[in-house]
Amino acid sequence: MPELKTAFIANMRALLGEEAGAFFRALEEAPSLALRPHQGMEAAAPFIEGAVPWAEGGFYLRPGARPGASVAHWAGAFYLQEASAMLPAAALQAKPGERVLDLCAAPGGKSSQLALAMGGEGVLIANEVDAARARVLAANLERLGVTNAVVLNETPARLAARWPGYFDAVLVDAPCSGEGMFRREAQSREAWTDAAPRGCAKRQAEILEAAAKLVRPGGRLLYSTCTFNDVENEGSVANFLQDHADFAPEEFALPGLGASRGGMLRIWPQRARGDGQFAALLRRAGSAGDGPEARAGAGLTAGEVFARGDGGGEAAGRPFARGDGEKRACDGAVDAAGRPFARGDGAEQAPAGAGLDAGEVFARGGGADGPGSRPSVHPAASIDMWLDALPKARPARRAGKTAPAPDAAALLRALGECAVAALPVSPQSARLHLEGRRLIAAPLDAPELDGLRVVSPGLALLRAETARVEPEHALAMALLPGMARRAAALTEEEALAFIAGEALPREGEAGWTLVTHAGLPLGWGKQAGGMLKNHVPKGLRARLHP
Ligand code: SAM
C-alpha cells in the first residue's frame, strides 16, 4: 500500500488525539469484507463466520473465502459489501410500502440493502448520475432478484425539480474523498489530496440541496460518506442544517456501535470491525401522517394518483378494476376475445409484436381472492402454458386471407399477470406496462418517469420478438424453483457451463425451462430435441473459476 499523505496524517492526529496511533495501526490491517444474503442462508454459509452487529443480515467473510467467484454470487444469492458500508441503510430503516430514493446508488450495495428491508413492497428509486455505473447498478439489482426498483441515470437537481416532497426516505451516499477505503484501495490513498475534502464538501452541499427538496414533510434524509475527515462529515451536516431550518437531526442507535450524537454516527476501524463510514439521520419537519399508512388509509393507491391519464383501462377500454384480473388471466389461457387458447394453436395468429400498444398502462391490485391475496391458480401451471401458447409463427394465409390479428397487447398483459402472480414477493401490487416491446412490472407506487433517463423502469417480464414472446432474464432471477412448471436443476459443473453460455445435452419436456442450481435461479433455457438451449444474455455470460 502507498504511504498515507502527510496532510491526512496531520488531520487525523488533530481529530483523534491520543487515539491516532491505534487508528493508523488499524488502517494497515485487513479490510472487513462481508456479505448480505438475498436468497436465504444456505448458499452464503460456506463463506461466512459471524454477524455484522449493526446490520441485520450482514455477515463477515471467513479468511480466505472467495465468494465472488462462486455460482451462488452470479446467481444473486448474496451481495458482497464491506461491513461498515452496511451502516447507512441500517440507520435509514426503510420499511415495506415506503417510497425510497437512493440518490447516489451505484454499484448498488445500499440500494440492495434497502430493497431487502422493503421486502418487495413500496417503490425504490435507485439513481446514479454516471451512465456506465447506472447500468452496473441495474444489473446488480436484477441479479439479486429485486422486484420493486426503478433505476434512473439522472442528476439530483432534475429529480428534485420533478418530484418535490415525494419520498418517505432519501439516502445520499455521497461521493467523497474515500479515506475509509484506505485499507482496501491503494488508488484511494494515491488520489487523495489536501484539497479533496473541501472540494467534495462543495459537491456534497449541492447534492444535499436537491435531496432536501425530495423528502416529504415528516420524511427522513440519511447522509453518509466513507471518509473520516470532519469537513465532509460533521461540517457538511452543520452547513446543511444551517440553511435548512425544516430539517433536524434524529437520534438513533445500532447494536455494536451505540447511540448517535446529533443524529450522527461514525465507524472508526480502531473501535469496530469495519473500515470507515459516517451516517447522519435528519428528519424534515411536518406530519408523519403523510406516510405510507396515511396513503393506504385514504383508499388511494399511488398508481391511481400517478396513472398516466389512461384510466388504467384494459384492452377493451373498460376500467381495470382492482382484483378482477388474475383469475381470468391465469386460470387458463384465453385469447383476446375470451376464447380458450389451446396450446399449439398459435401458428395462425399474428406475430405477438404486432399492434402493441406501447406505453399502455394498467394497474393490478389484489388477486381474485381479495385484495392483497395470491391468485388461487398455481402460477407454475400458467406461466409456461402461456409462453407456449402465445403466437410463435407468422400469420397463416387461408384462401388468400390473413387470419385476424389477436390483441397481442392483451395477451401479453394477461401473461404478465401470471408472471407477476408467480413472483416470490408479498402479495403487493405492480403495474404492468408495455415499454416498446417489453412488458414491465413497475412498482405500483412509482411516479411518472416520462422525460427522465430511465435505465430500468421496473422488473422486465417478457419481450415480444418479431414472431414470438420470450421471457426476460430478470423474470427468471426473481423466481424461485417451483415457480415454473419446467425446471432444470443443474450440478455445479453444469451450472458453470450454463453461466458461460453453453447449451447442455438434456432430455425433458419441450419449452421454456427455469434453470437452477442449488435452489438458485440461473436464467432461462429452452428445451428442444435433447438439448437445453442457453438464453442467458450474452453480456452476462462468464467463465467462473470457483
Ligand atoms: N451507494 C453506493 C453503494 O452503496 O453501492 C455507493 C455510492 S458512491 C459512494 C457515490 C456515487 O455518487 C458514485 O456512484 C458517483 O458516480 C456518484 N456521484 C458522483 N458525483 C455525483 C453528483 N454530482 N451527484 C450525484 N451523484 C454523484
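Below you will find a few notes about this structure. In this text the structure is predicted, and so the values were computed from the model without any measurement.

### Some remarks on the site of the ligand
Here is step 1 of the chain: Neighbouring the ligand are 17 residues; Cys104, Gly109, Glu128, Arg133 and Asp173 lie closest to it.
Here is step 2 of the chain: In this structure, Ala106 approaches the ligand through a main-chain N or O atom, which is 3.4 Å from an oxygen atom.
Here is step 3 of the chain: Here Glu128 contributes a side-chain N or O atom positioned 2.6 Å from an oxygen atom of the ligand.
Here is step 4 of the chain: Protein burial of the ligand: of its 600 Å² of free accessible surface, 82% is covered by the chains.
Here is step 5 of the chain: Taken together, the elements giving at least two residues each to the shell around the ligand come down to α5 (109-118) and α9 (196-214).
Here is step 6 of the chain: In terms of residue class, the shell around the ligand is built from nine nonpolar, two polar and six charged.

### Let's talk about the pattern of salt bridges
Here is step 1 of the chain: Following the criterion strictly, the structure yields 21 salt bridges and no others.
Here is step 2 of the chain: When the shortest N-O distance is used, the salt bridge between Arg158 and Glu154 registers 2.6 Å.
Here is step 3 of the chain: The salt bridge partner of Glu472 is Arg438, with a shortest N-O separation of 3.9 Å. Here Arg438 lies in strand β19 (residues 438-443) and Glu472 lies in the loop between β22 (468-471) and α16 (473-478), a separation of 34 residues in the sequence.
Here is step 4 of the chain: The partly exposed category is assigned to Arg438, whose relative accessible area is 29%.

### Details of the sheet that holds strand β24 (residues 504-505)
Here is step 1 of the chain: One open sheet holds the five strands; their spatial order is β23-β25-β26-β27-β24, and the pairing between them is mixed. Edge positions in the sheet fall to β23 (487-490) and β24, since each has one partner strand and no second.
Here is step 2 of the chain: Of the strand pairs in this sheet, β23 and strand β25 (residues 511-517) are connected by four bridges, and their pairing is parallel. Within β25, the residue paired with Ala489 across the bridge is Thr516.

### Some points on α5
Here is step 1 of the chain: For α5, a buried count of eight out of 10 residues is recorded, marking the element as mostly surrounded by other parts of the structure.
Here is step 2 of the chain: Inspection of α5 places Gly109, Lys110, Ser111, Ser112, Gln113, Leu114, Ala115 and Met118 among the buried residues, and these make up the whole buried set.

### Description of the sheet that holds strand β3 (residues 59-61)
Here is step 1 of the chain: In spatial order, the strands read β2-β3-β1-β4; together these four strands make up an open sheet with antiparallel pairing. Among the strands making up the open sheet, the edge pair consists of β2 (48-51) and β4 (78-82). On average, each strand axis in the sheet is tilted by 35° relative to the strand beside it, whichever way the strands run.
Here is step 2 of the chain: Across three bridges, β2 lies against β3 in antiparallel orientation. Residue pairing for β3: Ile48 is matched across the bridge by Leu61.

### Observations concerning the nonpolar core
In a soluble, globular protein the nonpolar side chains are often hidden away together inside.
Here is step 1 of the chain: Val52, Trp54, Leu87, Leu114, Leu254 and Leu257 are the most contacted members of the largest nonpolar core, which totals 40 residues.
Here is step 2 of the chain: At the level of elements, α4 (87-92), α5, β6 (123-127), α6 (131-143), β7 (149-152), β8 (167-173), β13 (264-267) and β14 (277-284) are the ones that each hand at least two residues to this core.
Here is step 3 of the chain: Counting residues per element, this core draws most heavily on α4, which supplies five residues.
Here is step 4 of the chain: The contacts of Leu114, once residues within four sequence positions are left out, are Ala89, Leu92, Ala94, Val100, Asp102, Leu124 and Leu171.
Here is step 5 of the chain: Ile125, Trp163, Leu214 and Phe240 belong to the second-largest nonpolar core, a separate cluster that totals 33 residues.

About the cut-offs
Residues numbered from 1 in each chain as written. Predicted model: local features only at pLDDT ≥ 70, side-chain atom pairs only at ≥ 80, totals over all residues. Heavy atoms only, no water. Near = heavy atom within 4 Å. Polar contact = N/O pair within 3.5 Å; in protein donor to acceptor, adjacent residues only side chain to side chain. Areas by Shrake-Rupley, 256 points an atom, 1.4 Å probe, with all protein chains shown as cover. Helix = DSSP H or I, 4+ residues; strand = E, 2+ residues; numbered from the N terminus. Nonpolar A, V, L, I, M, F, W, Y, C, P; charged D, E, K, R; others polar. Salt bridge = Lys/Arg side-chain N within 4 Å of Asp/Glu carboxyl O. Buried < 20%, exposed > 50% of the residue type's maximum accessible area, 1.4 Å probe, protein only. Pairing = 2+ DSSP bridges. Axes fitted to C-alpha atoms, helices over the stretch in contact; angles between N-to-C directions. Core = buried A, V, L, I, M, F, W, Y, C linked by side-chain atoms within 4.5 Å. Contact = heavy atoms within 4.5 Å.

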